[in-house]
Amino acid sequence: MQRKSADVVVAGVGPGGLYAALEALKRGLSVHIFDKKEVVGLPVKCGEYFPVRKEMEYLLPDATDHMHVFDVPQEAVDNVCKTIRVISPKGREFEFDFEAYVLDRTTLEQRLAEQVEALGGTIQLRTPVDLFTNSGDLFVGKDRASAVKAKVVIAADGFPSKVAKSAGILTEDYMTPNNVAINYEYLIMGLNVDQSVTEMYMGAEFAPGGYGWIIPKGNRSANVGIGIRTSFSKRNDGKGYLEFFLNRCLMTKEKLEGGKLGPMIADVLPVDGPLERTYSHRVMAVGDAAGMVMPTNGGGISTAMITGEIAGQVAADHLQKGIPLSEYEKRWKQAIGSEMLVSTKLRRLADHFMGNDMLFHIVLRILGTKGIKDVITCRVPAGLGRLISLIA
């Protein structure tokens with residue numbers, strides 16, 4: 001359905017955009033959502049790993065007001081993992097308890113979209129959009145002629161966000177090869193992998209500047225992929241790195257042998273923490289569009305939901321009470337800012353070691369299982385506090 005105007009226009013029908021829409025609608029605002037997808041929730045371009053509520057209460061202790069977003073419907077859960085196993089470049093294993101759902105993200109997003117429509121929100125698919133201005137008014141749409149007039153715009157259109165860029169929120173300073181990961185993934189069926197363990201593989205041969213993963217989805221299937229950064233890679237061949245991880249890596253080739261590959265997906269992620277500024281005049285950016293991906297683990301669904309919810313609340317407070325949109329940045333920093341900053345600094349520190357497999361292996365052995373868990377859960381490992389405080 002095409003509207004001519006709305007209180008809030010959201011670009012992007014992913015978790016961040018949907019939670020923003022829900023919060024705005026609950027507070028009496030009119031909401032219109034655009035997305036370039038043909039179907040809500042498809043294609044899926046992530047590992048679908050989603051920590052359970054008790055883990056997020058540990059990981060983000062200041063986000064207590066938003067923990068309800070982790071109570072996802074069971075129909076949107078494909079599998080439950082009980083531990084994380086990190087494998088060093090030389091094959092040393094470090095395993096620790098950490099419970100997480102592996103989502104059916106399509107079902108999750110479709111159920112959220114149904115809630116949006118039930119509250120009176122409208123969703124317009126197959127429509128890539130940009131931001132336009134006319135006589136001081138703000139419009140979002142495919143072109144000026146068909147654009148919808150908005151009082152507030154929420155950019156939830158992934159990374160790099162076209163809307164955030166047009167609003168001056170996403171700048172070229174962030175768009176460096178070191179700050180951006182390129183991910184390649186297959187859903188593979190018919191695997192004999194432990195369905196209770198999520199595995200993270202470190203190694204420059206297959207994931208320079210990032211890591212490889214095996215995230216089991218139940219019924220002998222798994223999301224299997226790699227994330228790389230071109231600032232670390234020796235060749236521009238992401239698919240080749242993934243092929244090596246699947247078929248030639250000594251640590252993975254036997255357990256992945258014989259699996260049936262689905263279509264390959266590719267995507268880009270911001271991995272240098274939140275953008276310097278996540279709002280501008282009448283525009284807020286949430287989720288990946290705002291750089292809200294935890295750099296030391298690649299997690300972005302949870303932060304998208306939380307920042308989306310905050311943006312929807314602030315949109316209502318802005319239009320109904322005159323509160324400035326700068327309140328959005330204040331609130332998300334209160335909820336998740338500390339952990340995002342620590343995770344960003346830890347990733348920058350790790351950059352000094354990730355290019356050398358032997359050195360990175362030694363660092364992981366020094367950290368040990370407890371230290372590695374701290375890094376992945378956005379905490380400063382014991383003894384590194386002073387060093388982390390010196391990192392810009």
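Anything mentioned here points back to the structure above.
Okay, so let's go over this structure. (Residues numbered from 1 in each chain as written. Predicted model: local features only at pLDDT ≥ 70, side-chain atom pairs only at ≥ 80, totals over all residues. Heavy atoms only, no water.)

Structural notes on the environment of methionine 354
Selection criterion: Strands here are runs of E lasting at least two residues and helices are runs of H or I lasting at least four, both read from the DSSP assignment and numbered beginning at the N terminus. Here's how the labels work: a residue is buried when its accessible area is under 20% of the maximum for its type, exposed when over 50%, partly exposed in between, all with a 1.4 Å probe on protein chains only. Contacts between residues were defined by any pair of non-hydrogen atoms, one from each residue, lying within 4.5 Å.
Tracing the backbone through its elements, the reader meets methionine 354 in the loop between α8 (326-350) and α9 (357-376). Using a relative accessible area of 11% as the deciding quantity, one classes methionine 354 as buried. A sequence separation of 146 residues divides methionine 354 from proline 208, and the C-alpha atoms of the two residues are 7.4 Å apart. Not counting the four nearest positions on each side in its chain, methionine 354 is found in contact with Ala204, Gly209, Gly210, Arg229, Phe232 and Phe360.

As for the packing of helix α1 (residues 15-26) against helix α3 (residues 105-118)
Note the following rule: Every axis corresponds to a line fitted to the C-alpha atoms, with the helix fit spanning only the stretch in contact, and the corresponding angles, defined between N-to-C directions, vary from 0 to 180 degrees. Angles are sorted into four bins: roughly parallel if under 35 degrees, roughly antiparallel if over 145, roughly perpendicular if 65 to 115, and oblique for all others. Definitions for this section: a left-handed crossing has its near helix turned counterclockwise from the far helix by less than a right angle. A right-handed crossing has that turn clockwise. For this classification, Asp, Glu, Lys and Arg are treated as charged, while Ala, Val, Leu, Ile, Met, Phe, Trp, Tyr, Cys and Pro are nonpolar and the rest, including Gly, are polar.
Look at α1 against α3: their axes get within 9 Å of each other, and the N-to-C directions meet at 20°. For the element pair α1 / α3, the angle class is roughly parallel. Crossing of α1 against α3: the hand is left-handed. Counting all contacts with α1, which are made through Pro15, Leu18, Tyr19, Ala21, Leu22 and Leu25, the residues of α3 involved are Arg105, Glu109, Leu112, Ala113, Gln115 and Val116. The residue makeup of the contact of α1 with α3, split by class, is nine nonpolar, one polar and two charged.

Concerning the pairing of strand β8 (residues 137-141)
The cut-off we apply is this: A pair of strands is treated as paired once DSSP finds two or more bridges between them.
Where burial is concerned, most of β8 is hidden: four out of the five residues are buried. Bridging between strand β7 (residues 130-134) and β8 involves five bridges; their strand directions are antiparallel. Its bridge partner being in β8, asparagine 134 is matched across the sheet by aspartate 137. The turn linking β7 back onto β8 is made up of two residues, and serine 135 within it adopts a positive phi angle of 55°.

Concerning the packing of α1 against helix α7 (residues 301-321)
As a packed pair, α1 and α7 sit with axes 7 Å apart at the nearest point and diverge in direction by 30°. Judged by the inter-axis angle, α1 sits roughly parallel to α7. By crossing handedness, the relation of α1 to α7 is classed as right-handed. Contact residues: Pro15, Gly16, Tyr19, Ala20, Glu23 and Ala24 in α1; Ile301, Ala304, Met305, Gly308, Glu309, Gly312 and Gln313 in α7. A breakdown of the residues in the contact of α1 with α7 according to their chemical character gives seven nonpolar, four polar and two charged.

Quick notes on the pattern of salt bridges
The criterion, for reference: Between Lys or Arg on one side and Asp or Glu on the other, a salt bridge is scored when a side-chain nitrogen of the former is within 4 Å of a carboxyl oxygen of the latter.
For the coordinates displayed, the defined rule picks out 30 salt bridges. The shortest N-O distance in the salt bridge between lysine 82 and glutamate 99 comes to 3.3 Å. Of the two residues, lysine 82 sits in strand β4 (residues 77-87) while glutamate 99 sits in strand β5 (residues 93-103), which places them 17 residues apart along the sequence. Judged by its relative accessible area of 45%, lysine 82 is partly exposed. Lysine 165 is paired through a salt bridge with glutamate 172; the nearest N and O atoms lie 3.1 Å apart. A network of salt bridges, in which partner residues are shared, links Arg85, Glu93, Glu95, Glu199 and Lys255.

By themselves, these figures tell us nothing about what the structure is for.
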